[in-house]
Amino acid sequence: MEKKYTTDGKVVHSSKEDDINEKITKILGKKFTDYRKKWDLANKLSLVTEFPLFLHVELNQECNYKCPHCIIGNPSEVSKLYNKKENLTFKQYKKIVDEGSSYNCPSISPQGDNEPFLIKNFEEYINYAHNKGFIDIMTNTNGSPITKRRSQQILDSGLTRLRFSLDAFTDKTYKKVRVGAIDLEKIKKNIFTFLELKEKGGYKLPVVGVSFCKLKQNMHEINEFEKFWKDKVDLVTIQTYVPPTLNKKEYFNYYPEDQFYTKKNIDFRCNQPFQRIQIRNQEIFPCCYSLVMGDKGTQNYKDFVLGNITKNTIYEAWNGKKMRNLRKLHLNGKFKENSTCLKCVKFTFPVKKFIKNQALNLQEQSSHINIPL
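Since this is a predicted model, take the numbers as computed values, not measurements.

## Remarks on the overall build of the protein chain
- Looking only at helices and strands, the protein chain features 15 helices and 11 strands.
- A compact globule built from 373 residues would reach a C-alpha radius of gyration of about 21 Å, and the protein chain, at 20 Å, matches this within 12%.
- Expressed as lengths along the three principal axes of its C-alpha atoms, the size of the protein chain is roughly 55 × 50 × 45 Å.
- In the protein chain, which comprises 373 residues, the proportion classed as buried is 56%.
- Within the protein chain, counting contacts between residues at least 6 apart in sequence, those at least 24 apart form 72% of the total.
- Split by element, the accessible area of the protein chain, about 17,400 Å² in all, is 51% carbon and sulfur.
- Seen as two clouds, the 63 positive and the 42 negative side-chain charges of the protein chain have centres 3 Å apart.

This is the structure:
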């Protein structure tokens with residue numbers, strides 16, 4: 001029986017199981033069950049653990065695609081907001097994993113706004129976390145680097161979840177929203193080869209999913225996408241669009257019509273400060289929110305960043321004053337008091353008039369948007 005569910009209102013999953021985590025529980029047992037119980041409590045803002053349950057580690061900003069709705073598809077923005085010299089080395093990554101392991105952290109994703117499998121030894125990153133006791137290791141890929149040889153390496157690496165980001169059903173739309181992509185049929189072939197090797201080898205993991213970021217330019221293909229993939233993979237995911245920065249008015253043209261809300265979201269309480277830490281290159285953040293990168297160099301940015309792995313431990317960032325205050329703010333439903341959280345809500349759960357006005361007022365070189373309370 002197919003089931004659809006969401007934990008944050010931004011990403012909707014469909015699976016053949018009651019819940020994909022139930023499938024993983026049957027494979028990994030009590031340790032996974034205990035971790036997911038804590039995760040569910042953190043989702044409800046009812047639990048603060050000694051150390052984050054999930055480490056989201058963005059190693060670099062390298063991708064072979066140039067999707068126009070993604071910051072990586074806009075090299076001028078990437079060069080302004082990111083410093084390649086701060087990309088994480090394998091040694092730094094291992095330090096992050098080692099600290100997480102010392103606190104029995106269960107979950108990690110060594111991937112962010114990039115194509116992780118462009119790192120030639122990326123399977124070593126996965127395997128290192130696996131050998132250090134992480135039980136829920138996940139990553140996304142556009143699928144283009146997943147050859148038969150790499151498929152086998154992934155299957156042997158200890159990965160728990162693998163998701164192919166597709167965003168289209170037809171090749172025409174695929175080439176439109178995934179600029180620089182190889183043919184969609186080649187991506188499908190890579191996915192089916194992976195699934196075949198998994199089945200023949202008797203591998204229970206990773207669970208395999210496909211994802212679709214819903215845009216104005218591709219939303220007409222969602223039903224066909226879901227129908228085609230639902231019996232072929234473990235999980236089909238539909239994601240809500242959020243602009244990568246507020247620096248280009250073109251980003252506002254990707255919102256699908258049905259993403260707009262009729263009134264402001266005033267009851268939002270974010271669960272990410274209760275779940276995770278994001279490490280983007282060397283900096284430590286309280287959530288996955290990327291729009292804050294557009295504030296780089298400002299006091300707002302400095303106030304939001306929790307630290308730097310070259311100077312701070314993850315434990316210090318997780319238990320520090322900034323993170324404690326952020327949790328308290330969301331517990332009390334006062335997200336508006338944090339300008340970064342306010343931006344996130346307004347652009348993730350947008351009112352059409354607000355987005356329209358921002359697009360009209362935005363100058364091409366502007367790096368700041370005034371957001372009224």
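## Side note on the pairing of strand β9 (residues 276-280)
- Where burial is concerned, most of β9 is hidden: 5 out of the 5 residues are buried.
- With burial as the criterion, each face of β9 is covered, one bearing R276, Q278 and R280 and the other bearing I277 and I279.
- Here 5 bridges tie strand β3 (residues 54-58) to β9, and the two strands are oriented parallel to one another. Among the inter-strand pairings, H56 is bridged to a residue of β9, identified as Q278.
- Hairpin connection between β9 and strand β10 (residues 283-285): a loop of 2 residues separates the two successive antiparallel strands, and N281 in this loop has a positive phi of roughly 60 degrees.

## A look at the nonpolar core
- Membership of the largest hydrophobic core comes to 92 residues, with the highest contact counts inside it found for L55, I108, V210 and I277.
- The greatest single-element share of this core, amounting to 6 residues, is contributed by helix α8 (residues 184-201).
- Those residues in contact with V210, other than ones at most four positions away along the chain, are R163, F164, L166, I191, F225, W229, V233, L235, V236 and T237.
- Within the second largest apolar cluster, 15 residues are counted, among which are Y5, Y35, L53 and V207.

## With respect to the packing of aromatic side chains
- Going through the model one piece at a time under the given rule, you end up with 26 aromatic pairs.
- One aromatic cluster in this structure is built from F90, Y93, F117, F122, Y125 and Y128.
- When the ring centre of Y35 is taken as origin, the NZ or CZ atom of R36, which lies over that ring, is 5.3 Å away.

## Details of the environment of S101
- Mapped onto the fold, S101 is located in helix α4 (residues 90-102).
- Distance in space between the C-alpha atoms of S101 and F117 is 23 Å, their sequence separation being 16 residues.

## Here's the deal with the confidence of the model for the protein chain
- Per-residue confidence for the protein chain averages 91 on the pLDDT scale, and 95% of its residues sit at or above 70.
- Contacts for the low-pLDDT stretch residues 363-373, under 50 throughout, to residues beyond four places or in other chains number 29 contacts.

## Description of the pattern of salt bridges
- On inspection of all chains with the given rule, the structure shows 17 salt bridges.
- Of the charged contacts in the structure, one is a salt bridge between E58 and R280, with a shortest N-O distance of 3.8 Å. Residue E58 is found in strand β3, and its partner R280 is found in strand β9; the two are separated by 222 residues along the sequence.
- Taking relative accessible area as the criterion, E58 reaches 2% and is therefore assigned buried.
- Given a relative accessible area of 3%, R280 falls into the buried group.
- For D183, the salt bridge is made with K175, and the minimal N-O distance between the two is 2.8 Å.

## Comments concerning the sheet that holds strand β4 (residues 107-109)
- Spatial ordering of the open sheet is given by β1-β2-β8-β7-β6-β5-β4-β3-β9-β10-β11, a layout of 11 strands whose pairing is mixed. Looking at the sheet topology across the chains shown, the edges are occupied by β1 (3-5) and β11 (307-308).
- Two elements, β9 and β10, share 3 bridges in a ladder whose sense is antiparallel. For R280, the partnering residue across the bridge sits in β10 and is E283.
- This element, helix α9 (residues 222-229), spans β1, β2 (11-15), β7 (207-213) and β8 (235-239) of the sheet and lies at about 160 degrees to β8.

## Regarding the pairing of β3
- Within β3, 5 of the 5 residues are buried, leaving the element largely enclosed by the surrounding structure.
- What you see with β3 is no split at all: F54, H56 and E58 on one side and L55 and V57 on the other are buried throughout.
- Judged from the 3 bridges that link them, β3 and β4 form a sheet pairing that is parallel. Bridge pairing in β4 links H56 to S109.

## Re helix α14 (residues 339-348)
- Across the 10 residues that make up α14, a large majority, 9, are buried.
- When we look at burial in α14, the residues that qualify are T340, C341, L342, K343, C344, V345, K346, F347 and T348.
- Regarding α14, its N-cap is N338, as a side-chain oxygen of that residue lies 3.0 Å from the backbone nitrogen of T340 further along.

## Examining the packing of helix α1 (residues 20-28) against helix α2 (residues 30-43)
- Contact pair α1 / α2: the axes reach a minimum separation of 7 Å and the direction vectors enclose 145 degrees. Between α1 and α2, the contacting residues are N21, I24, T25 and L28 on the first element and K30, K31, F32, T33 and R36 on the second.
- For the contact of α1 with α2, the class distribution of residues is 3 nonpolar, 3 polar and 3 charged.

## Quick word on the state of the cysteines
- Under the counting rule described, the total for this entry stands at 0 disulfides.
- C63 takes part in no disulfide bond, and the closest cysteine sulfur, belonging to C67, lies 6.2 Å away.
- Looking at C341, it has no disulfide partner, and the nearest cysteine sulfur is the one in C287, 6.6 Å off.

Rules behind the numbers
Residues numbered from 1 in each chain as written. Predicted model: local features only at pLDDT ≥ 70, side-chain atom pairs only at ≥ 80, totals over all residues. Heavy atoms only, no water. Helix = DSSP H or I, 4+ residues; strand = E, 2+ residues; numbered from the N terminus. Rg over C-alpha atoms; globule rule 2.2 N^0.38 Å. Buried < 20%, exposed > 50% of the residue type's maximum accessible area, 1.4 Å probe, protein only. Contact = heavy atoms within 4.5 Å. Areas by Shrake-Rupley, 256 points an atom, 1.4 Å probe, with all protein chains shown as cover. Lys, Arg positive; Asp, Glu negative; His and termini not counted. Charge placed at Lys NZ, Arg CZ, Asp CG, Glu CD. Pairing = 2+ DSSP bridges. Core = buried A, V, L, I, M, F, W, Y, C linked by side-chain atoms within 4.5 Å. Phe/Tyr/Trp six-rings, centres within 6.5 Å; stacked < 30°, edge-to-face > 60°. Lys NZ or Arg CZ within 6 Å of the ring centre and 35° of its normal. pLDDT = per-residue confidence, 0-100. Salt bridge = Lys/Arg side-chain N within 4 Å of Asp/Glu carboxyl O. Axes fitted to C-alpha atoms, helices over the stretch in contact; angles between N-to-C directions. Polar contact = N/O pair within 3.5 Å; in protein donor to acceptor, adjacent residues only side chain to side chain. Nonpolar A, V, L, I, M, F, W, Y, C, P; charged D, E, K, R; others polar. Disulfide = S-S within 2.5 Å.

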